[in-house]
Every structure is written in structure tokens, then in C-alpha cells.
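Remarks on the overall topology
Chain by chain, the residues run as shown.
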Amino acid sequence: PTFNDAMRLEQAINSIRTQSLSDLELIVIDDGSTDQSEQLIADIASKDRRIRVLRQNHEGIAGALNNGIGVVQSQFMARMDSDDVSYPERLRLQLSFLEKHPEVAALGSWAYVIDENGRIVGELEPETEPQALRLLLARQNPFIHSSMMLSTALVRRLGGYRKVLDGAEDYDLWLRISEHAL
């Protein structure tokens, strides 16, 4: 999803276009941007048939994500925001893990915090041990939303993101997922 983020959007999109897992569909949801995002997305999409563009009136992140969930064609979907960058191996590694562990419905990663110049200024290192994650999830959101890969079928069955929980839409979804899978 993106909203008025033209300055960082190209780098985000290109970090997905250049993944080592090349058999993918990139769904870019423009949530009613009023900057140059719409044209930038159209220009990039015209050069890569793997990109599907959805444009909507401004609904917020939950609405944008739900519209994307509605058109996903694969067993798993990965999340990323328009101000983030994914490492080239991210999708391949996450998909490989989920295919080998069908009991797992959601998988995230650690992340670097980068500044506007691309310099690493911090690290986010969420818990990785499953039992510790379960205990932590009951008290707080232990996942980096834009690093997640999720079971498409389960997210659809749960109704996707709830718009009423804007700002905590991800935490709410993780709690509901945890009731059905690891």
C-alpha cells in the first residue's frame, strides 16, 4: 500500500522487482495519492508485467490491504510498505520456510532502520522462539508488519484487516491468526 510516498516508492518497488524469487506478483495499492505516486507506479508497471496496480479513493491502510488481499493469486502473500526496502533473498527464504512448515501461517523477520539517506541507524530484532512469541503476543505486537509473509487462505477466512482498528490492524490480525495456526 502507498499514500503520497512518491519519494521512496521507486526504491521500495525495485527491491521487490529484483528479488531472487522472480516468480511473483507485485500488487501496488495506491490509496488515493495526490502526489506523483500514480504516474510513478504506472511508469514502473509498464516495464514489468508482474506488477498489478490498484488505485482507490483514500481508505487508509486496512482498506488498501484488504483490496490487495482480494486479488492475491498465490498461496502466500508478503507485506511491505512503500517506505521500506526488502533484501534480495527475503521472499525466497520466507517462502521456502513456509512451504517446509505448513503449520506456520505467518512469518516475519528482523529489520534494519534506515534514514532518508539509506544509512542504517538501528535494528529491530523481534523474538524468534515460537513459545516466547506466543507469550509476548498476548501483551504486545511482536512483529514488524512490513516484513510479514502470510497464508492467503487463512487471512481471507479471517476477513482480512479490520478498518475500525486503524493503527492496530496488524496486531488484531496476528491475534486472530494465532487462534488458528502458529
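Everything below is about the structure shown above.
Residues numbered from 1 in each chain as written. Predicted model: local features only at pLDDT ≥ 70, side-chain atom pairs only at ≥ 80, totals over all residues. Heavy atoms only, no water.

**Section: the overall build of the protein**
Let me state the cut-off plainly: The way it works is that DSSP assigns letters per residue, a run of H or I at least four long becomes a helix, a run of E at least two long becomes a strand, and they are numbered from the N terminus. With the radius of gyration taken over C-alpha atoms, the globule rule is written as 2.2 Å times the number of residues to the power 0.38. Each residue is assigned to one of three classes by its accessible area relative to the maximum for its type, calculated with a 1.4 Å probe on protein chains only: buried under 20%, partly exposed between the two thresholds, exposed over 50%. For this analysis, residues touch if any pair of their heavy atoms sits within 4.5 Å. Values of accessible area rely on a 1.4 Å probe in the Shrake-Rupley scheme; residue burial ignores everything except the protein chains shown. Neither His nor the chain termini are counted; the positive set is Lys and Arg, and the negative set is Asp and Glu. A charged residue contributes its charge at one atom only: NZ of Lys, CZ of Arg, CG of Asp or CD of Glu.
Along its length, the protein carries 7 helices and 7 strands. Secondary structure elements of the protein occur, N-terminal to C-terminal, as α-β-α-β-α-β-α-β-β-β-α-β-α-α. Against the 2.2 N^0.38 benchmark of 16 Å for 182 residues, the protein shows a C-alpha radius of gyration of 16 Å, consistent with a compact globule. Projected onto the principal axes, the alpha-carbon positions of the protein cover approximately 45 × 35 × 30 Å. Residues classed as buried in the protein amount to 45% of the 182 residues present. Considering only contacts within the protein whose residues lie at least 6 apart along the sequence, 69% involve residues at least 24 apart. Total accessible area on the protein stands at roughly 10,300 Å², and carbon and sulfur atoms take up 52% of it. Charge centroids of the protein, computed over 19 positive and 28 negative side chains, lie 5 Å from each other.

**What to know about the packing of aromatic side chains**
Which entries qualify depends on this criterion: Note on aromatic contacts: the rings of Phe and Tyr and the six-membered ring of Trp form a pair at centre separations within 6.5 Å, being stacked when their planes are under 30 degrees apart, edge-to-face when over 60 apart, and tilted otherwise.
Summed over the entire model, instances satisfying the criterion amount to 2 aromatic pairs. Here F143 and W174 contribute two aromatic rings whose centre-to-centre distance is 6.1 Å and whose plane-to-plane angle is 80°, an arrangement assigned as edge-to-face. Here the residue F143 occupies a position in the loop between α5 (130-137) and β7 (149-151), and W174 occupies one in helix α7 (residues 169-178), the gap between them amounting to 31 residues.

**Some thoughts on the nonpolar core**
One recurring pattern in soluble globular proteins is that nonpolar side chains are buried together. Note the threshold: We call a set of buried Ala, Val, Leu, Ile, Met, Phe, Trp, Tyr and Cys residues a nonpolar core when their side-chain atoms join them within 4.5 Å.
In this structure, M77, L150, V155, Y161, L173, W174 and I177 are the most contacted members of the largest nonpolar core, which totals 22 residues. Non-local contacts of L150, meaning those with residues more than four positions away in its chain, are made with Q75, F76, M77, R79, A105, A106, V155, Y161, W174 and I177. L24, A45, V104 and M149 belong to the second largest nonpolar core, which has 21 residues in total.

**What to know about the sheet that holds strand β3 (residues 76-78)**
Across a sheet, paired strands are connected by hydrogen bonds in the backbone, their directions being either parallel or antiparallel. As a reminder, the rule being used: Think of it this way: DSSP has to see at least two bridges between two strands before they count as a pair.
Strand order in the open sheet made by the 3 strands is β3-β7-β4, with antiparallel pairing throughout. Either end of the sheet is taken by a strand with one partner, and the two such strands are β3 and β4 (106-107).

**A few points about a nonpolar patch on the surface**
So the rule is basically this: Only residues above 30% relative accessible area that lack a salt bridge enter a patch, with like-charged residues linked at up to 9 Å and the nonpolar side chains Val, Leu, Ile, Met, Phe, Trp and Tyr linked at up to 5 Å. Salt bridges are defined as contacts in which a side-chain nitrogen from Lys or Arg sits within 4 Å of a carboxyl oxygen from Asp or Glu.
Taken together, the side chains of V85, Y87, Y112, I114 and I120 present a nonpolar region at the surface, about 480 Å² in accessible area. Its location among the elements puts Y87 in the loop between β3 and α4 (90-100).

**Description of the packing of helix α1 (residues 6-17) against helix α2 (residues 37-45)**
The condition is simple: Every axis corresponds to a line fitted to the C-alpha atoms, with the helix fit spanning only the stretch in contact, and the corresponding angles, defined between N-to-C directions, vary from 0 to 180 degrees. The cut-offs work like this: below 35 degrees is roughly parallel, past 145 is roughly antiparallel, 65 to 115 is roughly perpendicular, and the gaps in between are oblique. By convention the crossing between two helices is left-handed if the near helix lies anticlockwise of the far one by an angle smaller than a right angle, and right-handed if it lies clockwise.
Between α1 and α2, whose axes approach to 9 Å, the crossing angle comes to 25°. The orientation of α1 relative to α2 falls into the category roughly parallel. In this structure, the crossing between α1 and α2 has a hand that is right-handed. Contacts between α1 and α2 involve A6, L9, E10, I13 and R17 from the first element and S37, L40, I41 and I44 from the second.

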